[in-house]
Amino acid sequence: MLSLNSILIVLSFLSLFYPSPVSSVTSVLNNLPDPEVVVQHVQSSINASVTRRRLSSPSIYGDAQCLTGNPIDDCWRCAAVDRQQLADCSIGFGRHATGGKGGRFYTVHSSADNDPVNPSPGTLRHAVIQSEPLWIIFQSSMVINLHHELVFNSFKTIDGRGADIHITGYGCITLQHVTNVIIHNVRIYGCRPAPPTIVRISPGEIEKRGGTDGDGISILSSREIWIDHCSLSDCSDGLIDVTLGSTAVTISNNHFQHHDKVMLLGHSDSYSPDSAMQVTIGFNYFGEGLVQRMPRCRWGYIHVVNNDFTEWEMYAIGGSASPTINSQGNRYIAPQDPNAKEVTKRLDTNEKDWHDWNWRTEGDILVNGAFFVPSGDGVSPQYAKASSVEPKSAALVEQLTINSGVLGTSRDTGGGNSRGGANPGGASRNGGGAGDANGNGDLFGMIFGSDAVSDKSTSPWVMMVIFLLFMTP
């Protein structure tokens, strides 16, 4: 361990090479959280990641590149070159979602969506309706312009790593009466209502569908679902809806922006089967142009953990029908509007009715006048049902969410935008292809392309200060 004198010597030495004044270091020190809290949370994450790495084959990364502090990303980035390792890396209520793990790799080579009843082999629609477990990858970058809703069968993984995959058009993604689905690293935007039509939902079954509202992803009567590292924006209704008795869902590492009603959890105030719903919302980045519903909850148990809420126009978290909401380790940055500083909003109810609802804030950072109105019993046993993963310090949220959304793109250049910063007709910014028939492509290049620049880079001074804090007894 380093002494305080040693720290000062190291910082003085650094000042010879980095033109940062000592005052900037002092500012960093003054704004850091309690070192013991940082060490406790970060070290537990790093220890878990290192343990997983030691139990696996040698990593494709050096240690410095491999570990990020985000437990999901550390799990698969620190593994051997095996795409299906991803299925072991979820957290929260959807942590048991296996997707297509153990199944064969299915390579999508065509963006066509011309026939919802008899989809062509090699298309995404043909892949997702198969009865067997499938790990779905992509031969190249593409824009898939849907003509009707894309209805999934169970035990499927969409793995967009290694290509720039856009899903847009009519209906978008429907997960209904299914289990074990993983959707990873795709852009979903511009989803519009789909008219009633007949759609094939399995190799041997077609179904007359009644039309859709234009959600990005609709999860209905389903369980063991994981949505990770997707960029979502600008759909007609919600970006993600979880309703009609769905449960065991994790929504993580996503980037949401430019949308009104972001996320709905729970079908209606009268649909009591949603009272068993459990959803984890973790490590997401709620970006510019968002209005409300991050999420809007009815019934159930919702764990909102380590997210970065950077903008809202009306409210961030709302609800009705007495949901249990456990907010831990998030950062809430209020808008400039003095009438929109409140994080929370109880909808369609009076205070005397919501006074006993279990909504709590624990370890959250509230910025620019943001305030969270709690209710109920802050130590209620009900929160055990709304706790799904150990929260990390809210002071680490910016770093935990820095790679949210589609991997290898920059928010500053529009790469985080579901529409911008893409080159779907050419090489992927993430580098590499979709892999061979076994799914083993250039995984080293595909995660963060050499031209990808984050808009939340951390200076050498900050990294050194945090390192020294870890080393201080």
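Notes on the structure in this doc start here. Since the model is a prediction, treat every value here as computed from it, not as a measurement.

This part covers the side chain of D215. Looking at the element boundaries, D215 is found in the loop between β11 (205-209) and β12 (217-220). A distance of 3.0 Å separates polar atoms of two side chains, one belonging to D215 and the other to S218. At a separation of 2.8 Å, a polar atom in the side chain of D215 contacts the main-chain amide nitrogen of G238. Filtering out sequence-adjacent residues up to four positions away, D215 remains in contact with G171, C172, C191, D237, G238 and D241.

Turning our attention to the pattern of salt bridges. This structure, assessed with the given rule, holds 14 salt bridges. E132 is the salt-bridge partner of R104, the closest N and O atoms lying 3.3 Å from each other. Placement of the pair is R104 in strand β1 (residues 104-108) and E132 in the loop between α6 (124-128) and β2 (134-138), with a sequence separation of 28 residues. The class of R104 is partly exposed, set by a relative accessible area of 43%. With a relative accessible area of 34%, E132 lands in the partly exposed category. Residues joined in a network through salt bridges with shared partners are R83, D159 and R161.

A few words on the pairing of strand β9 (residues 187-192). Regular strands place their side chains on alternate faces of the sheet. Extensive coverage of β9 is indicated by the burial of five of its six residues. Sheet analysis places strand β6 (residues 165-170) next to β9, joined by four bridges and oriented parallel. Of the residues in β9, the one forming a bridge with Y170 is R192. Here three bridges tie β9 to strand β14 (residues 231-233), and the two strands are oriented parallel to one another. What sits directly across from Y189, in β14, is S233.

About the criteria used
Residues numbered from 1 in each chain as written. Predicted model: local features only at pLDDT ≥ 70, side-chain atom pairs only at ≥ 80, totals over all residues. Heavy atoms only, no water. Helix = DSSP H or I, 4+ residues; strand = E, 2+ residues; numbered from the N terminus. Polar contact = N/O pair within 3.5 Å; in protein donor to acceptor, adjacent residues only side chain to side chain. Contact = heavy atoms within 4.5 Å. Salt bridge = Lys/Arg side-chain N within 4 Å of Asp/Glu carboxyl O. Buried < 20%, exposed > 50% of the residue type's maximum accessible area, 1.4 Å probe, protein only. Pairing = 2+ DSSP bridges.

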